[in-house]
Amino acid sequence: MAVEVTTESIRHDLREELARILYCDVDEISDDDSFVELGLDSVLGLEFLVVLNSRLSLTENIDVVYDHPTLARLTDHVWGVLSARAIDA
């Protein structure tokens, strides 16, 4: 059975991974907090990106974290990439 990926599941997974990387509670991460405000620097950003690409079979580069600097915006971007890929398949 295939696992359904939704915007909520993406947001949930990204929030949990951010919390792990930043050593904080998931409740401390708002959808609209900037990654920089949360303490995500370039090294932690790369760690976050590796997990993002691995979990969702993506090939995004580090610019995606800076171009979509909040959980809400990154989730929307990832959803768009995954939706386009599904349409192309």
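The model shown is predicted, which means the values in this text are computed figures rather than measured ones.

**Q** I tried to follow the overall build of the protein chain on my own but got confused; where do I start?
**A** Counting secondary structure elements, the protein chain contains five helices and zero strands. A compact globule built from 89 residues should have a C-alpha radius of gyration of about 12 Å, and the protein chain, at 13 Å, falls within 12% of that. By its C-alpha atoms, the protein chain is 35 × 25 × 20 Å across when sized along the principal axes. For the protein chain, the proportion of its 89 residues judged to be buried stands at 35%.

**Q** What is the right way to look at the nonpolar core in this model?
**A** Side chains of a nonpolar character, in soluble globular proteins, are inclined to be buried together. L18, L40, F48, L52 and V78 are the most contacted members of the largest nonpolar core, which totals 20 residues. Mapped onto this core, the elements with two or more residues apiece are helix 1 (7-22), helix 3 (42-56), helix 4 (63-67) and helix 5 (71-88). It is helix 1 that provides the largest number of residues to this core, a total of six residues. Setting aside residues up to four positions removed in sequence, V78 forms contacts with I10, L52, L56 and L58.

**Q** Sorry if this is basic, but what is going on with unusual backbone geometry here?
**A** Phi is mostly negative for residues that are not glycine, and the peptide bonds are mostly trans. Despite not being glycine, Y23 has its phi angle at roughly 55 degrees, a positive value. Mapped onto the fold, Y23 is located in the loop between helix 1 and helix 2 (35-38). Since its relative accessible area comes to 77%, Y23 is described here as exposed. Phi at S57 is positive, roughly 55 degrees, even though this residue is not glycine. Locating S57 in the fold gives a position in the loop between helix 3 and helix 4.

**Q** Is there a simple way to explain the packing of helix 1 against helix 5 in this structure?
**A** The angle between the axes and the distance between the axes are what describe a pair of packed helices. Where helix 1 meets helix 5, the axes come as close as 9 Å, and the angle between the chain directions of the two elements is 130 degrees. One way to sum up the angle between helix 1 and helix 5 is to call them oblique. The interaxial crossing formed by helix 1 with helix 5 has right-handed handedness. Of the residues in helix 5, those touching helix 1 at T7, I10, R11, L14, R15 and L18 are L71, A72, L74, T75, V78, W79 and L82. Grouping the amino acids of the contact of helix 1 with helix 5 by side-chain chemistry returns nine nonpolar, two polar and two charged.

Reading the values: the criteria
- Residues numbered from 1 in each chain as written.
- Predicted model: local features only at pLDDT ≥ 70, side-chain atom pairs only at ≥ 80, totals over all residues.
- Heavy atoms only, no water.
- Helix = DSSP H or I, 4+ residues; strand = E, 2+ residues; numbered from the N terminus.
- Rg over C-alpha atoms; globule rule 2.2 N^0.38 Å.
- Buried < 20%, exposed > 50% of the residue type's maximum accessible area, 1.4 Å probe, protein only.
- Core = buried A, V, L, I, M, F, W, Y, C linked by side-chain atoms within 4.5 Å.
- Contact = heavy atoms within 4.5 Å.
- Axes fitted to C-alpha atoms, helices over the stretch in contact; angles between N-to-C directions.
- Parallel < 35°, antiparallel > 145°, perpendicular 65-115°, else oblique.
- Left-handed = near helix turned anticlockwise from the far one by under 90°.
- Nonpolar A, V, L, I, M, F, W, Y, C, P; charged D, E, K, R; others polar.

Everything listed here is a matter of coordinates, which is why it stays silent on function.
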